Amino acid sequence: MLIGISARHGHLSAKTQRRIQEKISKLLKFHNRLTSLEVTVDLEDANQPEVEIRATIEKAGDLVATNSAPEVVSAVEGAERKMKQQIIKFKDKQIQHRSNPAKYGAVPESFAAEMN
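Bear in mind that the values here come from a model prediction, so they are computed numbers and not experimental data.

What counts, and at which threshold
- Residues numbered from 1 in each chain as written.
- Predicted model: local features only at pLDDT ≥ 70, side-chain atom pairs only at ≥ 80, totals over all residues.
- Heavy atoms only, no water.
- Helix = DSSP H or I, 4+ residues; strand = E, 2+ residues; numbered from the N terminus.
- Buried < 20%, exposed > 50% of the residue type's maximum accessible area, 1.4 Å probe, protein only.
- Contact = heavy atoms within 4.5 Å.
- Areas by Shrake-Rupley, 256 points an atom, 1.4 Å probe, with all protein chains shown as cover.
- Core = buried A, V, L, I, M, F, W, Y, C linked by side-chain atoms within 4.5 Å.
- Expected span 1.5 Å × (residues − 1).
- Arc of directions from axis to C-beta.
- Pairing = 2+ DSSP bridges.

A. Representation of the overall build of the chain. Broken down by element type, the chain carries 3 helices and 4 strands. Out of the 116 residues belonging to the chain, those deemed buried represent 29%. Within the chain, counting contacts between residues at least 6 apart in sequence, those at least 24 apart form 43% of the total. Surface exposure of the chain reaches about 7800 Å², of which carbon and sulfur atoms provide 48%.

Encoded structure:
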């Protein structure tokens, strides 16, 4: 699992990078096929830094969450919450798709009642 942290238009201190790493690593428990997480912090507007988190899921693609806030860490927390919601929703869709009974030949009761 790769976690990359980069900054545009500025520099992040080692302490800030460690805090970001701690926050982002929590996302690993929501999907076992996460292959990489990339965090990009845009410091162009010093009063409102923007954070983008890009999660790559094996055999599925990328999910992206962005957030901006007055402080870098709070922007990371907001983007992390958004990414968590996206990962959970994506995983729920996978589970629902796999458990589709119509796909395996089962006929819904309401449809079977109409046929009789």
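So that's the structure; there's more coming.
B. Quick look at unusual backbone geometry. Non-glycine residue His9 carries a positive phi angle of around 60°. Here His9 lies in the loop between β1 (2–8) and α1 (14–25). The exposure class of His9 is exposed, given its relative accessible area of 55%. With phi around 60°, Lys59 is a residue other than glycine that occupies positive phi space. On the accessibility criterion, Lys59 (79% relative accessible area) is exposed.

C. A look at the nonpolar core. By size, the foremost hydrophobic cluster in this structure holds 23 residues, and its most contacted members are Ile20, Ile24, Val41, Val51, Ile53 and Met83. Those elements giving two or more residues to this core turn out to be α1, β2 (34–42), β3 (50–57), β4 (61–68) and α2 (72–98). Among the elements that take part in this core, α2 stands out by supplying 6 residues, more than any other.

D. View of α1. With 12 residues, α1 extends 16 Å between its outermost C-alpha atoms, agreeing within 8% with the 16 Å of an ideal straight helix rising 1.5 Å per residue. Burial in α1 covers these residues: Thr16, Ile20, Lys23 and Ile24. All buried residues of α1 project into a common sector of 95° when viewed along the axis, lining one side. Exposed and oriented more than 90 degrees from the buried face of α1 are Ala14, Lys15, Arg18 and Glu22.

E. Quick look at the pairing of β1. Two strands pair when backbone bridges link them, and β1 and β2 are joined in this way by 7 bridges, in the parallel orientation. Among the inter-strand pairings, Ala7 is bridged to a residue of β2, identified as Val41.

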